[in-house]
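Letter by letter, the chains look like this.
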Protein chains: 2
Amino acid sequence: MDVNAVNISDIETPAVLIDLDKVEANLKRTQDYADAHGVKLRPHIKTHKLPRFARRQIELGAVGITVQKLGEAEVMADAGITDIFLPYNILGEAKLKRLAALHRRVTIRATADSPETVAGLSATFAGAQKPLEVMVECDTGMGRCGVQSPQAALELAKLIDGSPGLSFAGLMTYPAAGQYAEAARWLAQGKALLTAAGLSPRIISNGGTPDLWHAHEAVVATEHRPGTYIYMDRYQVEKGVATFDDCALTVVTTVVSRPTENRAIIDAGSKALTSDTLGLTGYGRVLGYPEAVITSLSEEHGTIDLSVSTRKPAIGEKLRIVPNHCCVVSNLFDVVNLTQGEDVVETVPVAARGRVD
Amino acid sequence: MDVNAVNISDIETPAVLIDLDKVEANLKRTQDYADAHGVKLRPHIKTHKLPRFARRQIELGAVGITVQKLGEAEVMADAGITDIFLPYNILGEAKLKRLAALHRRVTIRATADSPETVAGLSATFAGAQKPLEVMVECDTGMGRCGVQSPQAALELAKLIDGSPGLSFAGLMTYPAAGQYAEAARWLAQGKALLTAAGLSPRIISNGGTPDLWHAHEAVVATEHRPGTYIYMDRYQVEKGVATFDDCALTVVTTVVSRPTENRAIIDAGSKALTSDTLGLTGYGRVLGYPEAVITSLSEEHGTIDLSVSTRKPAIGEKLRIVPNHCCVVSNLFDVVNLTQGEDVVETVPVAARGRVD
């Protein structure tokens, strides 16, 4: 839907605004950094869920994209993206069939951290025209999925290598926050073990945005998978990865109540900002009101404490908020508004929103 | 979409299951309680967002429904619901026009807690064929929207009463958790002041599910607005309002990884369970694994600590989880699966999902 030159101030709230100039600057800055250091980028599209931005990331030099769900991969393949990495254990007949269908039309690389996942993949791809490339997920400190040691990575790589229909491609990890150095050491040990065993990993895939500007320090990695960098958010600003001026995604909201001198209630609650804190105090940054603290959210209301704010917004005033975590906000809205300066230039559906499986 | 007799175990995960027998039992138990105590029910449909359940609530005796957004009201009016309460300050020309359009076709009652909201409503409805009924929102301890004292409620009621196009209808509140007695005292004081001033409130609207079984103690209230009671959730169980056996909404998920002896990773993260804790430890109850603790969520992964679990689920096993807060889960899924016993009898779109404004 083209809604030429609607001003941001005329948008119904709550709504998501995406500043196209900031998107382009964030993408270029990151691609320039990657190019300067010989790091390949494989952006995670979970942040934006929009084919146009996936295509732009590739135009600028990304080697492909990362998705977290088969449903996201299907949307992106439909949109013409041809190189997709799925860092997730795919289990069960129905999902394996969908993976096989994707494999027939694009380059898709899968992931495993257990013999069970490898067995399902092999049973599905044993008769395929081309083998499925499989990465071994490594738990380098995050405490989520992943094999627990370089030795275990080697064992699983051997299993993949010996499984009909599969080809061992390499190692992947998502480092714990701030533990990029430990993760790099882990991966280097894994690479050494694998290489000694004749299973040299072709790809070593690292991530994400919190460690973005350290990506080049993990010399063992061949690619990096940042997601949030396209929009940035309050968490990344607090971690020193970006500034509020870099943040391309904002939620525009209206002050619907000022029940007391120091309290403002906005029409953005957890259905707009999400209840993700990521360890931060408050639920977002109110632009123009740096001392305002979003202290609590119910589904449709946000409560702002203005106790230490020198300026206090009025009922009916529209505020723009940088959320703590932009990726989850993209998943809550059916559409986002693309802006240039103060104009909304286009309102677009979030094509890969709500792809739960 | 009718998917006759698909077994729950064949559902792709993550997915939402709604047990129809439990829904019916929850609705009937609550309506019976309300009838026995002469309390009118005006259920909040934010929990289910499904026209069929709104109709069923009214069939069983509810006097109307409550919605939190104009978009929800529009969906419900389209589905034939004719008595809707919107406990939200509506501001701005576009939203006021939508409110006026709803007012022309159904009985819709609005809310204000400020002269600014009253002014906007009056400007919109001054020429209307029938006046808009407006409730005064009262902050009885919740610390969200609402006038701050019974005296302030009287002042705003006078303003509404004197505003062209508007008719003062009564008082509404959402009590703070556990403060139903304080809320009832506040409302009784407000009623006394209003009555003495010749503005006797026709309706006094109270809520929600946490105080459900105390609704009859607030003798001043004329109606109660529970939402969660249709599904119940872990928060309500922890508060003693229901049992896990009453919980009609579950998220079915698959164990995708067992990286260590005491860790399971499931394919339900914050995009399925939400990061709402509501003050609880963990992100939901794993049915059949009462000692399992969902310790953290990322968007597509949930991490379960099995340290004190006697049984531990296997990779590929499907688990059913009662989420902390079922209302927000309804907003995350495009469809829900209606079940009877072990069968999925119908998969239906969540019609009022994602109605952000």
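Just so you know, these numbers come straight off a predicted model, no measurement behind them. (Residues numbered from 1 in each chain as written. Chains lettered and ligands numbered in written order. Predicted model: local features only at pLDDT ≥ 70, side-chain atom pairs only at ≥ 80, totals over all residues. Heavy atoms only, no water.)

1. Focus on the overall build of chain A
Scanning chain A from N- to C-terminus turns up 10 helices and 18 strands. Scaling as 2.2 N^0.38, a compact globule of 357 residues should have a C-alpha radius of gyration of about 21 Å, and chain A matches this with 22 Å. In terms of principal-axis extent, the alpha carbons of chain A reach across some 70 × 40 × 35 Å. For chain A, the proportion of contacts with a sequence separation of at least 24, taken over those separated by at least 6, is 68%. Accessible surface, chain A as shown: approximately 12,400 Å² in total, 50% of it carbon and sulfur. Considering chain A, the positive charge centre built from 36 side chains and the negative charge centre built from 42 side chains are found 3 Å apart. (Helix = DSSP H or I, 4+ residues; strand = E, 2+ residues; numbered from the N terminus. Rg over C-alpha atoms; globule rule 2.2 N^0.38 Å. Contact = heavy atoms within 4.5 Å. Areas by Shrake-Rupley, 256 points an atom, 1.4 Å probe, with all protein chains shown as cover. Lys, Arg positive; Asp, Glu negative; His and termini not counted. Charge placed at Lys NZ, Arg CZ, Asp CG, Glu CD.)

2. Here we look at the interface of chain A and chain B
Taken together, the contact between chain A and chain B spans 56 residues of the former and 56 residues of the latter. Of all residues in chain A, Arg144, Lys271 and Glu299 of chain A give up the largest surface area on contact with chain B, accounting jointly for 14% of the area buried on that side. Counting the contacts that link chain A with chain B gives 29 residue pairs in polar contact (both at pLDDT 80 or more). Here the element with the most residues in the side of chain A that touches chain B is strand E11 (residues 249–260) of chain A; it accounts for six residues. Considered class by class, the residues forming the side of chain A that touches chain B number 16 nonpolar, 20 polar and 20 charged. (Buried area = accessible area lost by both parts, 1.4 Å probe. Polar contact = N/O pair within 3.5 Å; in protein donor to acceptor, adjacent residues only side chain to side chain. Nonpolar A, V, L, I, M, F, W, Y, C, P; charged D, E, K, R; others polar.)

3. A few points about the relation of the copies chain A and chain B
Here two copies of a chain appear, and what relates them is a rotation about an axis with a shift along it. At an RMSD of 0.0 Å, chain A and chain B line up after a rotation of 180° and a shift of 0.0 Å along the axis. With respect to symmetry, the two chain copies, as superposed, fit the operation of a two-fold axis. Of the C-alpha atoms belonging to chain A, the one lying closest to the rotation axis is found on Ser275 of chain A, 2.8 Å away. An overlap of 100% is found between the interface residues of chain A and their copies at the interface of chain B, pointing to a shared contact surface. (Least-squares fit on C-alpha atoms with pLDDT ≥ 70 in both.)

4. Here's the deal with unusual backbone geometry
Geometrically, the link from Thr13 of chain B to Pro14 of chain B is a cis peptide bond, its omega value of -5° lying close to zero. The residue Pro14 of chain B is located in the loop between strand E1 (6–7) and strand E2 (15–19) in this model. Note the cis peptide between Gly207 of chain B and Gly208 of chain B, where omega equals 0°. With respect to the helices and strands, the residue Gly208 of chain B is situated in the loop between strand E9 (203–206) and strand E10 (223–224). Of note, Lys49 of chain A is a non-glycine position whose phi angle comes to about 60°, a positive value. Structurally, Lys49 of chain A is set in the loop between strand E3 (40–41) and helix H2 (51–59). In this structure, Thr274 of chain B takes a positive phi of about 65° despite not being glycine. Topologically, Thr274 of chain B is positioned in the loop between helix H9 (270–273) and strand E13 (284–286).

5. Regarding empty space enclosed by the protein
Applying the stated criterion to the full structure yields six cavities of 30 Å³ or more. Empty space within the largest cavity amounts to approximately 160 Å³. Taken together, 16 residues line the largest cavity, and the ones lying closest to its centre are Thr274 and Leu332 of chain A together with Ser270, Thr274 and Leu332 of chain B. Of the residues assigned to the lining of the largest cavity, the class counts are four nonpolar, eight polar and four charged. One number sums up the size of the second largest cavity: a volume of about 90 Å³. Along its surface, the second largest cavity is lined by 13 residues, and Asp267 of chain A together with Tyr88, Asn89, Ile90 and Lys95 of chain B are the ones closest to its centre. Elements with a minimum of two residues in the lining of the second largest cavity: E11 of chain A together with strand E5 (83–89) of chain B. When its residues are assigned to classes, the lining of the second largest cavity shows five nonpolar, four polar and four charged. (1 Å grid on protein atoms, 1.4 Å probe; cavity = no way out; pocket = protein on both sides within 12 Å on 5 of 7 lines; lining within 4 Å. Points joined across faces, edges and corners; volume = space filled by probe spheres on them.)

6. Focus on the UniProt feature "domain: D-serine dehydratase-like" (unreviewed entry) in chain A
Taking the UniProt record as the reference, the feature "domain: D-serine dehydratase-like" (unreviewed entry) is found at residues 248–340 of chain A. Secondary structure content for residues 248–340 of chain A is 10% helix and 43% strand, while the C-alpha to C-alpha distance between its ends is 11 Å. (UniProt positions renumbered as here; feature names shortened; annotations may be inferred.)

7. Describing the environment of Glu155 of chain B
All names here are of chain B. With respect to the secondary-structure elements, Glu155 resides in helix H6 (residues 150–161). Residue classification places Glu155 among the partly exposed positions, given a relative accessible area of 40%. In the structure, Glu155 is positioned 151 residues away from Leu306 in sequence and 57 Å away in space, judged by C-alpha atoms. A polar contact of 2.9 Å, which involves the side chain of Glu155, links it to the side chain of Gln151. (Buried < 20%, exposed > 50% of the residue type's maximum accessible area, 1.4 Å probe, protein only.)

8. What about the nonpolar core?
Counting residues in each nonpolar core, the largest one holds 98 residues, and the members touching the most others are Ile18, Tyr231 and Ile304 of chain A together with Ile18, Tyr231 and Ile304 of chain B. Ranked by residues supplied to this core, first place goes to helix H1 (residues 20–37) of chain A with four residues. Setting aside residues no more than four positions away along its own chain, Ile304 of chain B makes contact with Asn262, Arg263, Ala264, Ile266, Val286, Ala292, Val293, Ile294 and Leu319 of chain B. (Core = buried A, V, L, I, M, F, W, Y, C linked by side-chain atoms within 4.5 Å.)

9. Here we look at the pairing of E11 of chain A
Residues and elements named next belong to chain A. Most of E11 sits inside the fold, with 10 of its 12 residues counted as buried. Inspection of the sheet shows strand E2 (residues 15–19) paired to E11 by four bridges, in the antiparallel sense. If you follow Leu17 over to E11, its bridge partner there is Thr250. Taken together, the four bridges between E11 and strand E16 (residues 318–323) define a ladder with antiparallel strand orientation. Within E16, the residue paired with Thr253 across the bridge is Leu319. Across three bridges, E11 lies against strand E12 (residues 263–266) in antiparallel orientation. By the bridge assignment for E12, Ser257 is matched with Ile265. Connecting the antiparallel pair E11 and E12 is a turn made up of two residues. (Pairing = 2+ DSSP bridges.)

10. Considering the side chain of Glu299 of chain A
As for its placement among the helices and strands, Glu299 of chain A is situated in the loop between strand E14 (293–297) and strand E15 (302–305). Of note is the side chain of Glu299 of chain A, whose polar atom sits 3.4 Å from the side chain of His325 of chain B. With residues near it in sequence (within four places) discarded, Glu299 of chain A still touches Gly269, Ser270 and Lys271 of chain A together with Lys46, His325, Cys327 and Val328 of chain B.

11. Observations regarding the sheet that holds strand E9 (residues 203–206) of chain A
Working definition: the strands of a sheet are paired by backbone hydrogen bonds and lie parallel or antiparallel to each other. Residues and elements named next belong to chain A. Spatial ordering of the open sheet is given by E3-E10-E9-E8-E7-E6-E5-E4, a layout of eight strands whose pairing is parallel. Two strands in the sheet have a free side with no partner beyond their single neighbour: E3 and strand E4 (65–66). When strand E7 (residues 132–137) meets strand E8 (residues 166–172), the two strands line up parallel, connected through six bridges. When the bridges of E8 are listed, Met135 appears paired with Gly170. Along the sheet, helix H5 (residues 115–125) makes contact with strand E5 (83–89), strand E6 (107–112), E7 and E8, crossing E6 at roughly 145°. (Axes fitted to C-alpha atoms, helices over the stretch in contact; angles between N-to-C directions.)

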